[in-house]
Amino acid sequence: MPYEDSPQSIGHAATISAPHMHASAIEHVLPYLIPSSTSPAPRVLDIGSGSGYLTHVMAELVGPRGLVVGLEHIPELRDLGESNMRKSAEGRTLLGSGLVQFRLGDGRLGLKEPARQGEEAGGTAWDVIHVGASAKELHKELLDQLKAPGCIFIPVDDDAAGYSQTVWRVTKDDAGEVTRNKLFGVRYVPLTDAPKKSG
């Protein structure tokens, strides 16, 4: 049902989160998404970008100099996000300008994206890392790739089986000090290896 506030399947054992979860994610990372004097061109990594919906929302917020990269480990989902963005004139403009990109990779390792022309030499880290699947832990690679200041929104398993999960808001201040805050319980699909193809 298109207007139901609940997750919806998008195939490949993945879902698009309930609308209230997208709103909550944006709310918790918003101060780091908006261009500012300290970060005029915010860089955002959207791990498990799925349908591309939240990737597009974040791209609308980072301003004309920002960068949003949707990262998927399943080629069909990477293509789905990009295809969905191409359905609107705004999405086609964002993709054409390079402000939004969709990549294939293991989200647990983050993404080492070089600085673009005009960005400072140290501008390879991410102001925001949004993770749209539940991780077994807060991966060190993600913390290492987070800017100071910066923010991660990530659901993390509370138990080995992954039945209980909590969203964490992890921030890094100007001095690089990390603060972890547990926000609320959730139920996300796991951040894992891509499913193996049968046959």
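Right, let's walk through the structure included here. Once a new chain begins, its residue numbering starts again from 1 and follows that chain's sequence as written. For this predicted model, a pLDDT threshold of at least 70 governs which residues receive local features, and a threshold of 80 or more governs which side-chain atom pairs are given and counted, while totals over whole chains, interfaces and linings are taken from all residues. Neither water nor hydrogens contribute to the side-chain values; these are computed over all heavy atoms in the structure.

1. So, the nonpolar core
Condition: Among buried residues, those of type Ala, Val, Leu, Ile, Met, Phe, Trp, Tyr and Cys that are joined through side-chain atoms within 4.5 Å constitute a nonpolar core. Burial classification: accessible surface area is computed with a 1.4 Å probe over protein chains only, and a residue below 20% of its type maximum counts as buried, one above 50% as exposed, and the rest as partly exposed. Each helix is a run of DSSP H or I of at least 4 residues and each strand a run of E of at least 2, with the numbering of both proceeding from the N terminus. In what follows, a contact means two residues having at least one pair of non-hydrogen atoms within 4.5 Å.
Counting 23 residues, the largest nonpolar core has L33, V44, M58, V68 and V100 as its most contacted members. Listing elements by their share of this core, those giving two or more residues are α1 (19–33), α2 (53–61), α4 (89–97), β5 (100–104) and β7 (146–157). Considering each element in turn, this core owes the most residues, five residues, to α1. In this view, V44 contacts L33, M58, V62, L67, V68, V69, W126 and V128; residues no more than four positions away in its chain are not counted. One finds I129, L138, I154 and W168 within the second-largest nonpolar core, a separate group that totals 21 residues.

2. A short note on the sheet that holds strand β8 (residues 165–172)
For sheets, the rule is that strands pair by backbone hydrogen bonds, running either parallel or antiparallel. The criterion, for reference: Two strands form a pair only when DSSP identifies at least two bridges running between them. Axes here refer to lines fitted to C-alpha atoms; in helices the fit is confined to the stretch in contact. Angles between the N-to-C directions go from 0 to 180 degrees.
If you trace the seven strands from one edge of the open sheet to the other, you get β5-β4-β3-β6-β7-β8-β9, paired in mixed fashion. Each end of this open sheet is capped by a strand with a single partner; those strands are β5 and β9 (178–186). Ignoring which end each strand starts from, the neighbouring axes of this sheet average 15° apart. The pairing of strand β6 (residues 126–131) with β7 spans four bridges and is classified as parallel. Bridge assignment links I129 to a residue of β7, and that residue is I152.

3. Let's talk about helix α3 (residues 75–85)
To keep it simple, the criterion reads: Directions from the helix axis toward the C-beta atoms define the arc.
Listed as buried for α3 are L77, R78, G81, E82 and M85. Buried residues in α3, looked at end-on, bunch into an arc of 135°, giving them a common side.

4. Description of the pattern of salt bridges
Counted only if it meets this: A pairing counts as a salt bridge when a side-chain nitrogen of Lys or Arg comes within 4 Å of a carboxyl oxygen of Asp or Glu.
Inspection of every chain in the model, using the stated rule, returns seven salt bridges. Between R78 and D79 there is a salt bridge, and its shortest N-O distance comes to 2.7 Å. Given the relative accessible area of 18%, R78 is considered buried. Classification of D79 as partly exposed rests on a relative accessible area of 41%. Between D127 and K147 there is a salt bridge, with the nearest N and O atoms lying 3.0 Å from each other. Of this pair, D127 sits in strand β6 while K147 sits in strand β7, and the two are 20 residues apart along the sequence.

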